[in-house]
Each structure stands twice: as C-alpha cells, then as structure tokens.
Amino acid sequence: MNVLEGKGITKRYHQQNITVDALRGVDFRLEDGEILGLAGESGSGKSTLLKQIAGLETPTSGTILLHGKELGCRRTKEEFRAMQMIFQNAPASFNPRRTIADSISESVRSLRGRDAKIDEAALADLVGLPEELMQRYPRQLSGGQCQRMAIARAMAVHPEILLCDEITSALDVSSQAQILRLLADICRDSHTSAIFVSHDLAVIRCLCDRVMVMKDGALVEEGKVEQVIHSPREEYTKKLVDSVLQI
Amino acid sequence: MKKRIKTAAHLRRRLIVFLILAGILVAISLIAPLICPNDPNETSAANMNKAPCAEYPFGTDRYGRCICSRVLMGARTSIFSAVALVGLTFIFGTVLGLLAGWYGGAVDTIVMRLADIMLAFPQMVLAIAVAGILGGGMGNAMLAMGITGWTLYARLARAQVLALKEEPYVHAARLSGCSAWSIMTKTLLPNMLGPMLVTAATQIGVMMIGIAGLSFLGIGVTEPHAEWGSMINGSRAYLQLAPWAVLAPAIATIITVMTFNYLGDCVRDVLDVGVER
C-alpha cells in the first residue's frame, strides 16, 4: 500500500528573464515501511522534489497524495507531523540560540499540542547519545551528534515518513556508517517509511529498498536497488554506477 | 585558543566599562533635579556670564543661570529624547522590515518604496522642514528625526530576514507547523537582534547630535528648557566673553555621544566573538 504518491510533479523557477524547469513531471510512490532512495548528480532535482514533498515549496503543477488524500498548498499540522525532514547541514537545522532540548520541545509542542512534553532520556537513548547532550547548544555538538539529534527531533513527533536530504554527505565515513545504521534500525523498529536523497549510490545501496534515478529534473530509472545497480537500463544510470565503482 | 579567550574576556571587560559609563550618564539624567547645585532656570542680573567658581562650578550664562545645573537638566532632555527616539524607530522599523522580509510581495514593495521615498530626502533637510512646519518643541523635533530614522532598521531587518529565511533551522521551524508569528518572534527575531541592537546603540549618538542640531538651529527644544544644543546656540554669541557657556554643553554632548558610540562598538565586538566561539 502506498503511503505517499506523487503524480506529474513539475517545478518551474522564474528569475528575471531566466526560466528553469527543476522538475519535469515526476511520478513516484512510497510504500508502507519502505525506504526509497533518490539518486542523481547535483542539480538533477532530488532536493527540489523533497522540498515539494515536505511542503517547503509548492509544485508548479502535479499532485502529492498522503494516504490517497491530496496535500494542498497550506498543510495542516497533522500533515506536517506525518512527514518530518532531516537536513544535510544538521548543526544549521537547529536554532543557534536554543538548546537542542528546547528546539525539540518547540517542534513537539507545535505539532502535538501545547501540553505535549518530550522524554529527553528516551529520545537520547533512541539515537544512542547521552541525555545531558540535550541541554547543549548546536555549536557544542559534533556534526554526527547533531545529525543524531536531528533524527531524534524528527522521531519525537512519531512521523510516518522521514525525508532525508543528503544527511550523511557532510559527515566522515565512520559517522556516515553509524547514521545509516541508526536510520535503518529506527525505520525498521518504528515501521517508518523514508525517502533518502543522496548522490552516492553506495550509500543508497546500504540503506534503501528501492531507488529512483533522476536527471535534469526527470525520472530516468526506477527499481529495486540491486537490480538498478547490477543491471541498469539507462546509459545515465550506468555512468552513475560506474562513477561509484571507480571511486 | 588561549589568545582568543583572552581577547573575548578583554572585550567583555571593555563592554562592562562602557555599560557602567552609560549607566552613570543615564543615572545622572534621572537624578538631575536632586543633584543640581542651583535652580537651572533662575536668572540673576548680578551673575551674568560669571566664570566658574565654587557656587557655579561651570559658570553662568547670559541670563545669570547656572550652567552646571542646566547641563545636568539638559542631560535628561538630550539622553532620554535620543534613547526614546531610537527605541521607537527601532521597534517601528524592525517590525516593518520583519513583515516585509517574511511576507515579501506587496507588503515588501509598499514598505521598501516608502523607505525609498523617505531616503530620497537628506535626513536633516527633511527634519528641518518637518520641524519648521510643525513648530518647535521636543515632540516635534523627535517626530522630525524619527520620520526617516525607522528606514535604517526596516532595511536592516528586511535584509536579515531574507538571509535567515533560507537557513535550515527556519525551514525546520516551518516544517514543525509553527505559525508565521511564532517563527518571526521566536526564531527570526532572536537571531537578528544582535546586529540590530549594535546599530541602535550607535544611533543613540547620531540621534542625540540630530536633536541637538535642530535645537541649535532654533527649531528643536526652545528656551527656557535646558537642552545641550539650544544651550550652545544661545551662548555662541558670547563665546569670547563666556566660553564656558558653550564649552560645558559641548563637552557633555561629546562625552555622551562617544560613550554611546563606544558602547555600540563593544556590543558588536562581543557579539562577533560570541558568534566565532
């Protein structure tokens, strides 16, 4: 069953006399409990698609359906709660003037009601960090710790879908592996679906069930991860796979 | 690392020193009526243009009024009018800039074009015109200065919002379902307040000179109210005969403006180091 579906999503940006088609009629579906990878080179439209799904931007045309219900321009709190985004630059995704606990509390209170409280110990335990780090400011944590806290913030509102935008690209290899393992465990244990954007097919291979390959704002190939990596149909996907193998 | 910590501590010490100095000036202006050695408005034909002495520490002016008492009472007018003016223009400009930056579109166009119109006139010329039309007095002088003063904060606030709007933590706040009001007050405002406050602190001196300038030109505070600009204006004809009558309010203006300007610089330096840390 599809939890999330997109039909003919286009996004056109106008700047002065220049028009850029960032998305050209993209169709996608995300099944219950599935981790979907979005791969492609820089500028292929992966992050733009994620922004339309999250509600940070409104598509020029096309529809996004959550549990079969179309999402409008103005999202309800319940729709925001259902989809939580984790950003590439985790330290910058927390308000620098607030502690991590304050930032998470604000998000929880906003989405689950003013009286909602967070269980700091449980959240810290979920992402494998000591509870006392919750009282620190983002600048007092490492990139990996911040990314774990970003995952904790997303999970604090019990979302149905996690939207991960290049969440390991700013981390060292060791932290990358830890974050990927953590995300896989969390998605499996809480039966949460996820869309995982990355330009790195090796990372997608580790985590995702299915992958969509994008080029110039359009979908070029879609399928099971192993199938797409081992027997790509499109020339662009072959080059993308080869580039990973060369590295 | 040790050097940076030392520098940060040094900057904080400097900030404390200037905060204390500014505090002393504000305190003096608050308790001025209690510490005046003489009645600031009492004239005396026998004591006209008297040189500084024990009874009149800064001498007397052309009407025999105690300069020291008038400088102390003038502090109340000059400092409070400048602080109040900066406070009002800061709030008004920041709110407009915040709304313009956040909502964009028509709101942005209206606010920024209004600011452009105000900035098309030189501030002092417009202030003189407004004060000339409305007449003298502290209220009108403040209105004359404030009519263009808000544009500085509106433009700065708008620029800050446009930059902060694209920060991931603002995106995160939006995706947390926070209302526009909540994002503006809890997320944007605290993060843009540093540079805004620095500008406001340095503007206290500018506004003080502006109001004193209007009074000097005879379209600000009028006699017999004590105000440093009008005191300089009133006594400049007697500069060779009684230089103390001009020097005392002029030095008071210089010291106060410098103190508030240095305070603004210190706030900026400390905030810069804070961001670095």
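### Brief notes about helix H6 (residues 168–175) of chain B
Residue and element names in this part refer to chain B.
Consideration 1: Extensive coverage of H6 is indicated by the burial of seven of its eight residues.
Consideration 2: Within H6 the residues assigned to the buried category are Pro168, Tyr169, Val170, His171, Ala172, Ala173 and Leu175.
Consideration 3: Positive phi appears at glycine 177, one or two residues downstream of H6, with a value of about 75°.

### Notes on the interface of chain B and chain A
Consideration 1: The partner chain A presents 22 residues to the 16 residues of chain B that form the contact.
Consideration 2: Buried surface at the junction of chain B and chain A, summed over both partners, amounts to about 1,600 Å²; 57% is from carbon and sulfur atoms.
Consideration 3: In this assembly, chain B and chain A are joined by zero salt bridges.
Consideration 4: At the surface where chain B touches chain A, the tally comes to eight residue pairs in polar contact (both at pLDDT 80 or more).
Consideration 5: Put simply, the parts of the chain that give the side of chain B that touches chain A at least two residues each are H6 and helix H7 (180–216) of chain B.
Consideration 6: The biggest single contributor to the side of chain B that touches chain A is H6(B), with six residues.
Consideration 7: Considered class by class, the residues forming the side of chain B that touches chain A number six nonpolar, six polar and four charged.

### Looking at the sheet that holds strand E6 (residues 83–86) of chain A
Residue and element names in this part refer to chain A.
Consideration 1: The strand order across the open sheet built from six strands is E6-E7-E8-E3-E9-E10, with neighbouring strands paired in mixed fashion. Looking at which strands have only one partner, the edges of the open sheet turn out to be E6 and strand E10 (218–224). Direction aside, the axes of adjacent strands within the sheet are offset by 15° on average.
Consideration 2: Here helix H1 (residues 46–54) sits on the sheet in contact with strand E3 (35–39), E6, strand E7 (161–165), strand E8 (193–197) and strand E9 (210–215), set at roughly 150° to E7.

### Thoughts on the sheet that holds strand E4 (residues 61–66) of chain A
Residues and elements named next belong to chain A.
Consideration 1: Pairing is antiparallel in the open sheet, where four strands are placed in the order E2-E1-E4-E5. The open sheet has two free edges, formed respectively by strand E2 (18–31) and strand E5 (69–70), since each of these has just one partner strand.
Consideration 2: Note that strand E1 (residues 2–15) and E2 share 10 bridges and pair antiparallel. Residue pairing for E2: glutamine 15 is matched across the bridge by isoleucine 18.

### A few points about the state of the cysteines
Residues and elements named next belong to chain A.
Consideration 1: A full pass over the atoms with the stated rule returns zero disulfides over all chains.
Consideration 2: With no disulfide of its own, cysteine 164 lies closest to cysteine 187 among cysteine sulfurs, the gap being 6.7 Å.
Consideration 3: According to the relative accessible area criterion, cysteine 164 is buried, its value standing at 0%.
Consideration 4: Of all cysteine sulfurs in the structure, the one in cysteine 208 sits closest to cysteine 206, which takes part in no disulfide; the separation is 9.2 Å.

### Examining the pattern of salt bridges
Pairing between side chains of opposite charge can happen when their charged atoms approach one another.
Residue and element names in this part refer to chain A.
Consideration 1: Applying the stated criterion to the full structure yields 17 salt bridges over all chains.
Consideration 2: Note that lysine 69 and glutamate 79 form a salt bridge whose closest N and O atoms lie 3.9 Å from each other. On the criterion of sequence distance, the pair formed by lysine 69 in strand E5 and glutamate 79 in helix H2 (residues 77–82) is long-range, its members being 10 residues apart.
Consideration 3: On the basis of relative accessibility, which here comes to 54%, the residue lysine 69 falls in the exposed class.
Consideration 4: We classify glutamate 79 as buried; its relative accessible area is 10%.
Consideration 5: Residue glutamate 106 is joined to arginine 98 by a salt bridge in which the shortest nitrogen-to-oxygen separation is 3.5 Å. Note on accessibility: glutamate 106 and arginine 98 belong to one class, buried.

### Re the confidence of the model for chain B
Residues and elements named next belong to chain B.
Consideration 1: Overall, the predicted model of chain B reaches an average pLDDT of 88, with 96% of residues at or above 70.
Consideration 2: Mean pLDDT per element in chain B: helix H4 (residues 123–134) is the minimum at 82, and H6 is the maximum at 94.
Consideration 3: Model confidence for the complex is summarised by a pTM of 0.81, with the ipTM given as 0.89.

### Considering the nonpolar core
Consideration 1: Ranked by size, the top nonpolar core spans 83 residues in total, and within it A:Leu4, A:Ile104, A:Leu183, A:Ile195 and A:Phe196 carry the most contacts.
Consideration 2: Examining the composition of this core, we find that seven residues originate from one element, helix H5 (residues 143–155) of chain A, more than from any other.
Consideration 3: Excluding its chain neighbours within four sequence positions, the residues that come into contact with A:Ile195 are A:Leu4, A:Phe28, A:Leu30, A:Leu36, A:Leu38, A:Leu50, A:Ile53, A:Leu162, A:Leu163 and A:Cys164.
Consideration 4: Core analysis: the second largest hydrophobic core is formed by 57 residues, B:Phe18, B:Ala144, B:Trp244 and B:Ala245 among them.

### Structural notes on a nonpolar patch on the surface
Residue and element names in this part refer to chain B.
Consideration 1: Taken together, the side chains of Ile16, Val17, Ile20, Leu21, Ile24, Ile28, Leu30, Ile31, Leu34, Ile35 and Phe80 make up a nonpolar region of the molecular surface, amounting to roughly 970 Å² of accessible area.
Consideration 2: Residue contributions to the nonpolar patch peak at 10 residues, all from helix H1 (residues 2–35).
Consideration 3: By the element assignment, leucine 21 lies in helix H1.

### Some remarks on empty space enclosed by the protein
Consideration 1: Counted under the stated rule, the structure contains three cavities of 30 Å³ or more.
Consideration 2: Put simply, the largest cavity is a space of about 110 Å³.
Consideration 3: Lining the largest cavity we find 14 residues, and of these A:Ser103, A:Glu106, A:Arg153, B:Tyr169 and B:Ala173 sit closest to its centre.
Consideration 4: Put simply, the parts of the chain that give the lining of the largest cavity at least two residues each are helix H3 (100–112) of chain A together with H6 of chain B.
Consideration 5: A class-by-class count of the residues in the lining of the largest cavity yields five nonpolar, six polar and three charged.

### What to know about helix H2 (residues 67–103) of chain B
Residues and elements named next belong to chain B.
Consideration 1: Taking 1.5 Å per residue, 37 residues should reach 54 Å; H2 reaches 52 Å between its end C-alpha atoms and fits that length.
Consideration 2: Most pronounced at glycine 74, the bend in H2 amounts to some 25°.
Consideration 3: At the C-terminal side of H2, glycine 104 shows a positive phi close to 60°.

### Observations regarding the packing of aromatic side chains
Consideration 1: The full count for this structure, using the stated rule, is three aromatic pairs over all chains.
Consideration 2: Between B:Phe18 and B:Tyr262 the ring centres are 5.2 Å apart and the planes differ by 25°, which places this aromatic pair in the stacked class. One end of the pair, B:Phe18, is in helix H1; the other, B:Tyr262, is in helix H9 (residues 244–276), and 244 residues separate them in sequence.
Consideration 3: Assessed through its relative accessible area of 39%, B:Tyr262 is described here as partly exposed.
Consideration 4: Ring centres of B:Phe92 and B:Trp150 lie 5.7 Å apart, and the angle between their planes is 80°; this geometry places the pair in the edge-to-face category. With B:Phe92 in helix H2 and B:Trp150 in helix H5 (residues 138–164), this pair connects stretches of sequence that are 58 residues apart.
Consideration 5: The ring centre of A:Tyr137 lies 5.3 Å from the NZ or CZ of A:Arg139, which sits over that ring.
Consideration 6: The ring centre of A:Phe94 lies 4.2 Å from the NZ or CZ of A:Arg153, which sits over that ring.

Rules used throughout
Residues numbered from 1 in each chain as written. Chains lettered and ligands numbered in written order. Predicted model: local features only at pLDDT ≥ 70, side-chain atom pairs only at ≥ 80, totals over all residues. Heavy atoms only, no water. Buried < 20%, exposed > 50% of the residue type's maximum accessible area, 1.4 Å probe, protein only. Helix = DSSP H or I, 4+ residues; strand = E, 2+ residues; numbered from the N terminus. Contact = heavy atoms within 4.5 Å. Buried area = accessible area lost by both parts, 1.4 Å probe. Salt bridge = Lys/Arg side-chain N within 4 Å of Asp/Glu carboxyl O. Polar contact = N/O pair within 3.5 Å; in protein donor to acceptor, adjacent residues only side chain to side chain. Nonpolar A, V, L, I, M, F, W, Y, C, P; charged D, E, K, R; others polar. Pairing = 2+ DSSP bridges. Axes fitted to C-alpha atoms, helices over the stretch in contact; angles between N-to-C directions. Disulfide = S-S within 2.5 Å. pLDDT = per-residue confidence, 0-100. Core = buried A, V, L, I, M, F, W, Y, C linked by side-chain atoms within 4.5 Å. Patch = residues over 30% accessible without salt bridge, like charges linked within 9 Å, V, L, I, M, F, W, Y side chains within 5 Å. Areas by Shrake-Rupley, 256 points an atom, 1.4 Å probe, with all protein chains shown as cover. 1 Å grid on protein atoms, 1.4 Å probe; cavity = no way out; pocket = protein on both sides within 12 Å on 5 of 7 lines; lining within 4 Å. Points joined across faces, edges and corners; volume = space filled by probe spheres on them. Expected span 1.5 Å × (residues − 1). Bend = angle between axes of the 7 residues up to and from the residue. Phe/Tyr/Trp six-rings, centres within 6.5 Å; stacked < 30°, edge-to-face > 60°. Lys NZ or Arg CZ within 6 Å of the ring centre and 35° of its normal.

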